[in-house]
Amino acid sequence: MQRFADLVETMETRVAFNRHLGVRIARMDRGFVRMELPFRGEFVGDETTGALHGGLVCTIVDACGGAAAWSCVEEDERVSTLDLRVDYLRPAPAGDLVAEAIVTHESREVIRTDVRVFASTSSDVTLASGRGAFKVRRPAV
């Protein structure tokens, strides 16, 4: 669907921070997004353990949840983060990260998502989980 193709392009290339990080959307359906973040050495937050920086994990939770919310709105509408919670369950090892977000609630003004983050090499081990609330912004009438 062209709408999703346009959203993928926006998330990967027009959102400058996502482009800088190298975010890729592997799958997008209405209310679901699978996002991948290829590893780079500067993403390591603890050189003694090699664990990725927690801010990076939080970023992918926000970006993936926002993309899932955005997949539910009309073409002329936008979303912005109202609230975000991240539970860090395990250190994220040096390597590619994957996040999957699903929309859990939609109303006219707010969309809520649940997000799960895992290493690309081990989808059965959740590294972090998150929940986001996103404000739906409609064009002025």
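Look up: the structure comes first, before these words.
In this report, we go over the structure that sits alongside the text. Residue numbering note: each chain is counted from 1, following its sequence as written. Only residues with pLDDT of at least 70 are given local features in this predicted model, and only at 80 or more are side-chain atom pairs given and counted; all residues enter the totals for whole chains, interfaces and linings. Each side-chain value is worked out from all heavy atoms of the structure, with water and hydrogens disregarded.

Under the scheme used here, helices are H or I runs from DSSP no shorter than 4 residues and strands are E runs no shorter than 2 residues, and both carry numbers assigned from the N terminus. The secondary structure content of the chain amounts to 3 helices and 8 strands. Here the C-alpha atoms of the chain give a radius of gyration of 15 Å, agreeing with the 14 Å that 2.2 N^0.38 yields for 141 residues. Each principal axis of the C-alpha distribution contributes one length, and for the chain these read about 55 × 25 × 25 Å. Within the span of the chain, comprising 141 residues, buried residues form 43% of the whole. To get the radius of gyration, use the C-alpha atoms; to get the globule rule, take the number of residues to the power 0.38 and multiply by 2.2 Å. Each residue is placed in one exposure class: buried if its accessible area under a 1.4 Å probe, protein chains only, is under 20% of its type's maximum, exposed if it is over 50%, and partly exposed if it falls in between.

In terms of nonpolar packing, the biggest core is built from 40 residues, with Ile25, Met28, Val33, Met35, Leu37, Leu97 and Val117 touching the most fellow members. Taken together, the elements giving at least two residues each to this core come down to helix 1 (2-14), strand 1 (24-29), strand 2 (32-37), helix 3 (54-70), strand 5 (78-88), strand 6 (97-106), strand 7 (110-119) and strand 8 (122-137). Among the elements that line this core, the one with the most residues is helix 3, at 10 residues. What is meant by a nonpolar core is a set of buried Ala, Val, Leu, Ile, Met, Phe, Trp, Tyr and Cys residues, joined one to another through side-chain atoms within 4.5 Å.

In an α-helix, one turn spans 3.6 residues; hence positions three or four apart end up facing the same way. When helix 1 is considered as a whole, its buried residues turn out to be Arg3, Phe4, Leu7, Val8, Thr10 and Met11. One face of helix 1 carries all of its buried residues, which in axial projection span an arc of 160 degrees. Exposed residues pointing more than 90 degrees away from the buried face of helix 1 are listed as Gln2 and Arg14. In the core, the buried residues of helix 1 are packed alongside helix 2 (16-21), strand 1, strand 2 and helix 3. Within this analysis, the arc is defined by the directions that extend from the helix axis to the C-beta atoms. Contacts: residue pairs with any heavy atoms within 4.5 Å of one another.

Among the secondary structure elements, threonine 10 is positioned in helix 1. What makes threonine 10 buried here is its relative accessible area of 14%.

Moving on to helix 3. With 17 residues, helix 3 extends 24 Å between its outermost C-alpha atoms, agreeing within 8% with the 24 Å of an ideal straight helix rising 1.5 Å per residue. Helix 3 sits mainly inside the fold: 12 of its 17 residues count as buried. Taken as a whole, helix 3 has its buried residues at Leu56, Val57, Ile60, Val61, Ala63, Cys64, Gly65, Gly66, Ala67, Ala68, Ala69 and Trp70. What a helix should span is 1.5 Å times the count of its residues minus one.

Side-chain pairing between opposite charges can occur once the charged atoms of the two side chains come close. What counts as a salt bridge is simple: a side-chain nitrogen of Lys or Arg found within 4 Å of a carboxyl oxygen of Asp or Glu. Under the counting rule described, the total for this entry stands at 9 salt bridges. Close ionic contact of glutamate 42 with arginine 40 constitutes a salt bridge, the shortest N to O distance being 2.8 Å. The network of salt bridges with common partners includes Arg85, Asp87 and Arg131.

With that settled, consider the pairing of strand 6. Here strand 2 runs beside strand 6; their pairing, made up of 6 bridges, is antiparallel. Paired with valine 33 across the two strands is alanine 101, which belongs to strand 6. DSSP calls a pair of strands paired once it identifies at least 2 bridges connecting them. For strand 6 and strand 7, the ladder comprises 9 bridges, and the chain directions are antiparallel. What sits directly across from histidine 105, in strand 7, is arginine 112. Where strand 6 folds back on strand 7, the antiparallel hairpin that results is connected by 3 residues.

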